Amino acid sequence: MEVSLSINGEVRSFDVEPRTLLVHLLRDHAKLTGTHVACETSICGACTVLLDGQAVKSCTVLAVQADGCEVTTIEGFAEDGKLHPIQEQFWEKHGLQCGFCTPGMILTAYQLLERNPDPSEAEIRRGIDGNICRCTGYQHIVDAIQAAAVELGKK
Amino acid sequence: MIPSAFEYLRPETLEEAIRLLQENSEEAVLLAGGHSLIPILKARLAQPGILIDISRIPGLKGIGREDQALLIGGMTTHHEIESDPEVNEVCPLLAETASLIGDVQVRNRGTIGGSLSHADPAADYPATLIALDAEFVVTGPDGARSYRAENFFEGPFDTAMEENEILTSIIVPAPQGKIGGAYCKAAQQASGFAVCGVAVTVMLSDNGQIEFASIGITGVSASPYRASGVESALTGQAPTAETIEAAADRATEDIEPIEDLYGSAEFRGHLARVWTKRALEQAVKMAGS
Ligand SMILES: Cc1cc2nc3c(=O)[nH]c(=O)nc-3n(C[C@H](O)[C@H](O)[C@H](O)COP(=O)(O)OP(=O)(O)OC[C@H]3O[C@@H](n4cnc5c(N)ncnc54)[C@H](O)[C@@H]3O)c2cc1C
Ligand code: FES
Ligand code: FES
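Only a predicted model underlies this, so the values are computations on that prediction, with no experimental measurement involved.

Chemist: It is not clear to me how the pairing of strand β12 (residues 194-204) of chain B should be interpreted in this structure. Could you clarify?
Modeler: Successive residues of a regular strand alternate their side chains across the two faces of the sheet. Residue and element names in this part refer to chain B. Counting buried positions along β12 gives 11 out of 11 residues, so the element sits mostly inside the fold. Pairing between strand β11 (residues 178-187) and β12: 10 bridges, direction antiparallel. Across the sheet, the residue bridging to Ala-186 is Cys-196, located in β12. Joining the antiparallel neighbours β11 and β12 is a turn of six residues, in which Gly-192 adopts a positive phi near 95 degrees.

Chemist: Help me understand the sheet that holds strand β3 (residues 50-53) of chain B, please; the structure alone is not making it clear to me.
Modeler: Within a beta sheet, neighbouring strands are joined by backbone hydrogen bonds and run either parallel or antiparallel to one another. Residue and element names in this part refer to chain B. Across the sheet, which stays open at both edges, the three strands sit in the order β1-β3-β2 with parallel pairing between neighbours. The open sheet has two edge strands, β1 (7-9) and β2 (28-31), and neither has a second partner. Taking the axes of each pair of neighbouring strands and ignoring which way they run, one obtains an average angle of 25 degrees across the sheet.

Chemist: What is the right way to read the site of ligand 1 from this model?
Modeler: Residue and element names in this part refer to chain B. Around ligand 1 sit 31 residues in total, of which Leu-30, His-35, Leu-37, Thr-111 and Asp-124 are the nearest. In this structure, an oxygen atom belonging to ligand 1 sits 2.6 Å away from a main-chain N or O atom of His-35. Between ligand 1 and the protein, one listed contact pairs a nitrogen atom with a backbone N or O atom of Ser-191 at 3.1 Å. When the free accessible area of ligand 1 is taken as 980 Å², the share hidden by the protein chains comes to 93%. At the level of elements, β2, α7 (112-118) and β10 (166-173) are the ones that each hand at least two residues to the shell around ligand 1.

Cut-offs applied
Residues numbered from 1 in each chain as written. Chains lettered and ligands numbered in written order. Predicted model: local features only at pLDDT ≥ 70, side-chain atom pairs only at ≥ 80, totals over all residues. Heavy atoms only, no water. Buried < 20%, exposed > 50% of the residue type's maximum accessible area, 1.4 Å probe, protein only. Helix = DSSP H or I, 4+ residues; strand = E, 2+ residues; numbered from the N terminus. Pairing = 2+ DSSP bridges. Axes fitted to C-alpha atoms, helices over the stretch in contact; angles between N-to-C directions. Near = heavy atom within 4 Å. Polar contact = N/O pair within 3.5 Å; in protein donor to acceptor, adjacent residues only side chain to side chain. Areas by Shrake-Rupley, 256 points an atom, 1.4 Å probe, with all protein chains shown as cover.

Okay, here's the thing in structure tokens:
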């Protein structure tokens, strides 16, 4: 089945089986491996991408459901080689260790700050509770998102 | 984890969706937000031959107001409900319930119609929609009919809907007056599903007595239910701490609590009584303020 979607601003078409998951279209067909797969059971959030601006777990979306939609992955997040303020603050505040959860974590953080530009610590923790990190213990991730909120607020 | 192969259809009208269901009733299932169905397909707990995606049918999505009620399309997402200004103003209890479902990614995709049709005994909306005395409108080959929320759920993953019917909208009455509502739940850690979820609405009369109380409970029994014993213990009474505590003790009257790895029957019964008390206290406080 023909699926046509915009990935990071570029319209592309793929011929996939209807059972193909969006995460596999991105990784195996579009060769964008920044979106990770871990639990495969809709829990960990490593596969999070933006679908028409909304954070979704791409292991729980069929590629055919994204037909005609806009997808943003971590590869499309930096602009002209310059890191997004959220990426910068993950770097500054040590918001990652192994980095496996990071692409999903950053896209979820983006969704959070877009809806709530000045979140409390509790709101940040609730906002990212669909994303699991087995390394950091979360505190540095919360710090990074708080710092990114301040940076984005200056713009 | 990849589902077994299926054919994918995406009707553009409700009539077309119902016709496709009728023509393929042996092997077709509806796909809404996919956040119950896709995990099931991936685990191959079901292997339907055809998926009928109803997400692009105009008119199935959105929130409107009609007299003293909210009208919510079946394809409306949890996020749309939690963030809608009208729902927050007219029925904050429903917005709060939606905001407590899963995580943000789940709320961005999952729909109210999908959640109710799926009838997971641990789902959140059923408690709240029973407490709000909502009506579910379903449309099938013979036209539309409706169910009261409390008569809709018939067992785990089982509803009163007939084959080939689609849950098209939810009507939520929004009475005026000294009303308060609360939803309290003990959640499963990983998913957020309710081990016990209690929704309460109360209305106080001008002299501060309880005019009516309406209580829906989910997660505790094989189906969500109305706690009638609690309600009758409260009607016409002053909302004192003793009255509330004695009423809450009737939360599992005539109910057999279920048992699973999240809790024993005894534990669930205890949770139901404690959370009923807390939800009542919150709702009464809100109604009085
Ligand atoms: C990680 C995770 C955490 C979750 N946590 C919670 C939670 O805390 N609380 C909670 O309540 N839920 C939770 N859920 C479930 C979530 O709310 C689902 O979105 C919801 O149960 C199903 O809605 P859907 O739109 O995704 O339906 P789908 O998955 O698309 O469909 C579910 C079933 O309903 C049928 N169906 C769908 N729409 C209709 C319709 N309009 N008419 C007739 N039949 C229809 C389908 O055929 C299918 O059988 C969670 C899910 C996940 C993946
Ligand atoms: S891989 Fe998608 S949620 Fe874990
Ligand atoms: S940094 Fe390793 S999983 Fe989060």
